[in-house]
Structure formats: structure tokens, C-alpha cells
Amino acid sequence: MRVSSALSSAALLFSGLASARGFDCKDIVVDKYKYNLNPLGGVHVLYDNNVTESSSVNTTYVLNICGILKGASNRDGMKCGTSKNICGFEKTHFPDGAETKKPFPIAGLEPGGHGSMEPQITRLKSDDSDREGLRVKLSGGSYENADGKKKKAGAVIEFQCDPDRSGLEGLESTKDEEMRRREEAGDAQDQQSLQFKSFGLADDDSYVLRLDWKTRYACDNYVDDKEGDSSSHWGFFTWLIIILFLVIAAYLIFGSWLNYNRYGARGWDLLPHGDTLRDVPYIFQDWLRRVINTLQGSGSRGGYSAV
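Right, let's walk through the structure included here. (Residues numbered from 1 in each chain as written. Predicted model: local features only at pLDDT ≥ 70, side-chain atom pairs only at ≥ 80, totals over all residues. Heavy atoms only, no water.)

**What about a nonpolar patch on the surface?**
Stated precisely, the cut-off is as follows: For patch detection, residues must exceed 30% relative accessible area and be free of salt bridges, and they are connected within 9 Å for like charges or within 5 Å for nonpolar side chains (Val, Leu, Ile, Met, Phe, Trp, Tyr). Under the convention used here, a 1.4 Å probe and the Shrake-Rupley method define accessible areas, while residue burial counts only the protein chains that appear. Take a side-chain nitrogen of Lys or Arg and a carboxyl oxygen of Asp or Glu: if they are within 4 Å of each other, that pair is a salt bridge. A simple rule labels every residue: compare its accessible area, found with a 1.4 Å probe on the protein chains alone, to the largest value its type can have, and call it buried under 20%, exposed over 50%, or partly exposed in between.
Nonpolar side chains collect at one region of the surface, where Trp239, Ile242, Ile243, Phe245, Leu246 and Val247 lie side by side and expose about 650 Å² of accessible area between them. Overall, the relative accessible area of 49% leaves isoleucine 243 in the partly exposed class.

Dropping the structure here:
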């Protein structure tokens, strides 16, 4: 008993630590509503260009909300950290041709998988009753500003309910698609379900990446509706099988009772159409023999045979 209770306590402790350390995008429950953002998992890329008279800053944001970036955290010779979920890669071009590169983690775990993202999840309706979706706040990053001071960094992603969007529109991960999005940034932004809003200093003196993500998976009743549909289909076939079984059973029982009372039948003779049931194996063998003979006959060659 002590061993089993210790094991159960350890399991509960481990599950608690796992939920505290990461963002479980599959099983989300907020205000008794269930959400599953797992279909939005995978590595996705966004771009932001900021051009001024003194420089041109091109920033690439790479994210995977349902898992760590692993190899995708290394880009153009810059390393952000394989245990992160969101990273930024900043390239600054100057008029004299000089260039600087700066990778920075935005959200995720510490190296080696330690630490916590401290996810905070709220429904959009808590702020505006006309909006439906989720607001997810992730932390665990840092950003070095122009003065060389390192500040905390995080991300705020608003998953907005849109029944007509999966959330993956415009997020193909091929290199050709990435180059096309760079060249057609304006059109791509309109077509993409995931859109960059801003990255800058927030009121709490930390840098925050803000993203909007339109998807049907952020709708309040999407998971319940899907589960209801699947259960209703399963219930239909279940009832169909049960009804069919009851009809056959009733037919056999009533037929046996009738044969017993009317003819005093015993054994196989009790069953309705007992003779036919006994002949089923022979009927099947005869049918199989006819099929084989037909196939062999269609495969034989016509014409004269040698004498």
C-alpha cells in the first residue's frame, strides 16, 4: 500500500511539474470550456521589416507553440536556444554596407529544459463579450536593447475564433514560400491566419511579441461539437447493430417456439428454416466451386489443340 501510494504521489507531482514547465496546447480548459490547439503545432515563420534613415532592421520570428524549436532555433549562423518555443533573429543593415546579427529568445525553457514558461491563459470574452477566443501569455525569454541592457521578454498570442480558418493558411514552411512571403509581405499578411502585430517594450519593462492567430480551434464550443458529432455517429451504428441483433434473436426465438408447439420439433428442427441453415456450408462450397470453374474457364485459350 505504501509503495502504491508513493508511486501515485510521484505521478501526480510529475504531472504537476510538467504542466507548470510547459504549455500543453492539446488539453486546455478555461472557464469550463475545452480547447485543443494541437493542430497548430509545428514550426512557423513570420517576418517584420523596419526601415529608417539610419538602418534597415529585418527580424524573423520562429515559433512552435506545441513544442520546442530544436534545430529551428539555429538560423543564418545565429543560435537562440533549442529549448525555446519562440525565437527572434534580428539583422540590421546600415547604409555603409555593415550588418549586425542578434538572436534573442522570446519564450521557452532554459537550456537543458529547466525553468518554466509560466503560461497564462484567459478567454477573450473576459475583456470583451463580443470576442471569442483565447489569450495566451508565454515567458522565458530575454532581449538586449540598444543601450546594452538585457530585459525580460515574452509573447502574447491572441487566438481568435474564425470558423472558416484552420489557422494554417499561408504558413507553408518551404523555402520557396518563405522567399515569396518576403517579396509579397503585404499580400501575405492579409492571407495568413497568423499575423505579426508588434514587438516592443511593455508597461512592466519587458519586451513583448504580440501575435494574432485566427483559427476555428479557438472557438468556445469547437471541441464539444466535434466530440458530440463523433459520439452521435458512434451511437447511431451502435443502435443499428443492437436493433439488428434483437430482430434476429426475436426471429429465432419466435420461430423455435412456433416449431416446438406446432410440430413438436427438437434440436436443429427447432430453428426456423433449419434445413436451409444445415445446407449453408454445402451451398457455399457449391458457389465457390462455380466461381473457380468460371475463372479457370475464362483464362483458358481458345482454338485447336495439338493432336
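**Considerations on the state of the cysteines**
Operational definition: By definition, disulfides here are pairs of cysteine sulfur atoms that lie within 2.5 Å. Numbering of helices and strands runs from the N terminus, with a helix taken as a DSSP run of H or I at least four residues long and a strand as a DSSP run of E at least two residues long.
On inspection of all chains with the given rule, the structure shows three disulfides. Between the sulfur of cysteine 25 and that of cysteine 66 lies a disulfide, 2.0 Å long from S to S. Because the torsion about its S-S bond is 130°, the bridge between cysteine 25 and cysteine 66 counts as right-handed. Of the two residues, cysteine 25 is situated in the loop between α1 (2-21) and β1 (28-30) and cysteine 66 in the loop between β4 (56-63) and β5 (74-75); the sequence distance between them amounts to 41 residues. You can call cysteine 66 partly exposed: its relative accessible area is 25%. Residue cysteine 161 pairs covalently with cysteine 219 via a disulfide, S to S 2.0 Å. Between cysteine 161 and cysteine 219 the sulfur-sulfur dihedral comes to about 85°; the bridge is accordingly right-handed. In this pair, cysteine 161 is assigned in strand β11 (residues 150-161) and cysteine 219 in the loop between β13 (207-215) and α4 (222-263), connecting sequence segments 58 residues apart.

**Thoughts on the pattern of salt bridges**
Taken as a whole and assessed by the stated rule, the structure comprises 13 salt bridges. Residues aspartate 31 and arginine 123 are paired through a salt bridge, measuring 3.8 Å at the closest nitrogen-oxygen approach. Taken as a pair, aspartate 31 in the loop between β1 and β2 (33-35) and arginine 123 in strand β9 (residues 120-123) lie far apart in primary sequence, 92 residues in all. Residue classification places aspartate 31 among the exposed residues on the basis of a relative accessible area of 53%. Judged by relative accessible area, which is 11%, arginine 123 ranks as buried. Arginine 165 is paired through a salt bridge with aspartate 162; the nearest N and O atoms lie 3.5 Å apart. You'll find arginine 165 and aspartate 162 in the same group, each marked buried.

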